[in-house]
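# Residue-level structure breakdown
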Amino acid sequence: MATTKPGERKLQILQTLAGMLEQPKGEKITTAALAAKLDVSEAALYRHFASKAQMFEGLIEFIESTVFGLINQISEQQENGLSQVQAIIGMLLNFAERNPGMTRVLIGDALVNEDERLQVRMNQFIERVELAIKQALRIAVTQSQAREEEVAVRANLITSLVVGRWHRFAKSGFKQSAVENAQAQIGMLLG
């Protein structure tokens, strides 16, 4: 235990929590179960996090920084608005497939019995994703690839598709692919 570098244990706790969320049955995660999985005491967990809610906030911060960092990269690399939308959707669905435990956080499934502010924060995350899609669609409008009056409705529809695919992926025990046939559906929504 003494050989653990500062911050390393905190990361290990978050990785273990994310791993526990990957269990398809989605049972409530307790600090006792998390501590047992890490082979530490519950008190050791609370030396790094003031509460279980703070542990989930750590996961949410990881999701936010990763997703919005990638959205910024897409915006910088793609000049075409519709290409930006397609890349953002693809990234969001691939993120879910690569991080099944995080998908349960994204859809709020893992937050059901937790502090209400966590779900509020995930709702704000979804709103920010929709805003990023709107911005890309507005670029498409300037490129004569979309109509301004459809931007808000189309962004909401696309966001609903992404969230729906996340739900299906999680509720299928991570068996129903989040990305399968997605490009065809996206083409229909953008066509």
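First, a word on what this report is: a plain description of the structure on this page. Being a predicted model, the structure only gives us computed values, none of them experimental. (Residues numbered from 1 in each chain as written. Predicted model: local features only at pLDDT ≥ 70, side-chain atom pairs only at ≥ 80, totals over all residues. Heavy atoms only, no water.)

## Let's talk about unusual backbone geometry
Here is the rule: Helix and strand definitions here come from DSSP, where helices need a minimum of 4 consecutive H or I residues and strands a minimum of 2 consecutive E residues; each element is numbered from the N-terminal end.
Its identity is not glycine, yet Ser144 carries a phi of approximately 60°, on the positive side. Along the chain, Ser144 turns up in the loop between helix H7 (116-142) and helix H8 (151-171). Here Phe174, not a glycine, exhibits a phi torsion of approximately 70°, which is positive. Position of Phe174 relative to the elements: it lies in the loop between H8 and helix H9 (182-190).

## Focus: the packing of helix H4 (residues 52-77) against helix H5 (residues 81-98)
Short version of the rule: Helix axes are fitted to C-alpha atoms over the stretch in contact, other axes to C-alpha atoms as well, and angles between N-to-C directions run from 0 to 180 degrees. Roughly parallel means an angle under 35 degrees; roughly antiparallel means over 145; roughly perpendicular covers 65 to 115; every other angle is labelled oblique. Less than a right angle of anticlockwise turn of the near helix away from the far helix marks a crossing as left-handed, whereas a clockwise turn marks it as right-handed. Two residues form a contact once any of their heavy atoms are found within 4.5 Å. Here the nonpolar group is Ala, Val, Leu, Ile, Met, Phe, Trp, Tyr, Cys and Pro; Asp, Glu, Lys and Arg are the charged ones; every other residue, Gly included, is treated as polar.
Two elements in contact, H4 and H5, have axes whose closest approach is 10 Å; the angle formed by their N-to-C orientations is 155°. Viewed along their axes, H4 and H5 adopt a mutual orientation that is roughly antiparallel. As H4 runs across H5, the sense of the crossing is right-handed. Side by side, H4 and H5 meet where Phe62, Ile63, Thr66, Val67, Leu70, Ile71, Ile74 and Ser75 of the first sit next to Gln84, Ala87, Ile88, Met91, Leu92 and Phe95 of the second. Along the lines of polarity and charge, the residues of the contact of H4 with H5 split into 11 nonpolar, three polar and no charged.

## Points about the side chain of Glu57
If you trace the backbone, Glu57 turns up in helix H4. What Glu57 contacts, discounting residues up to four positions off in sequence, is Arg117, Leu118 and Arg121.

## Focus on the nonpolar core
The line we're drawing: Side-chain atoms within 4.5 Å are what join buried Ala, Val, Leu, Ile, Met, Phe, Trp, Tyr and Cys residues into a set we call a nonpolar core. To sort residues, take the accessible area from a 1.4 Å probe on protein chains only and compare it with the maximum for the residue type: under 20% means buried, over 50% means exposed, and anything in between is partly exposed.
Within the largest apolar cluster, 64 residues are counted, with the highest numbers of intra-cluster contacts made by Phe56, Leu59, Val105, Phe125, Leu137 and Trp166. What Phe125 contacts, discounting residues up to four positions off in sequence, is Ile63, Glu64, Val67, Phe68, Leu106 and Trp166.

## Describing the pattern of salt bridges
Quick note on the threshold: Each reported salt bridge corresponds to a side-chain nitrogen of Lys or Arg within 4 Å of a carboxyl oxygen of Asp or Glu.
Per the counting criterion, the structure on display carries 11 salt bridges. Its salt-bridge partner being Arg121, residue Glu61 comes within 4.0 Å of it at the nearest N-O pair. Placement of the pair is Glu61 in helix H4 and Arg121 in helix H7, with a sequence separation of 60 residues. On the accessibility criterion, Glu61 (45% relative accessible area) is partly exposed. One salt-bridge network, held together by shared partners, links Arg147, Glu149, Glu150 and Arg154.

## Regarding the packing of H5 against H8
Running from amino to carboxyl end, H5 crosses H8 at an angle of 15°, the nearest separation of the two axes being 10 Å. Taken together, the axes of H5 and H8 lie roughly parallel to each other. Where H5 crosses over H8, the handedness of that crossing is right-handed. Of the residues in H8, those in contact with Val85, Ile89, Leu92, Leu93, Ala96 and Glu97 of H5 are Ile158, Val162, Arg165, Trp166 and Phe169. Counted by class, the contact of H5 with H8 contains nine nonpolar, no polar and two charged residues.

Structural measurements only, silent on function.
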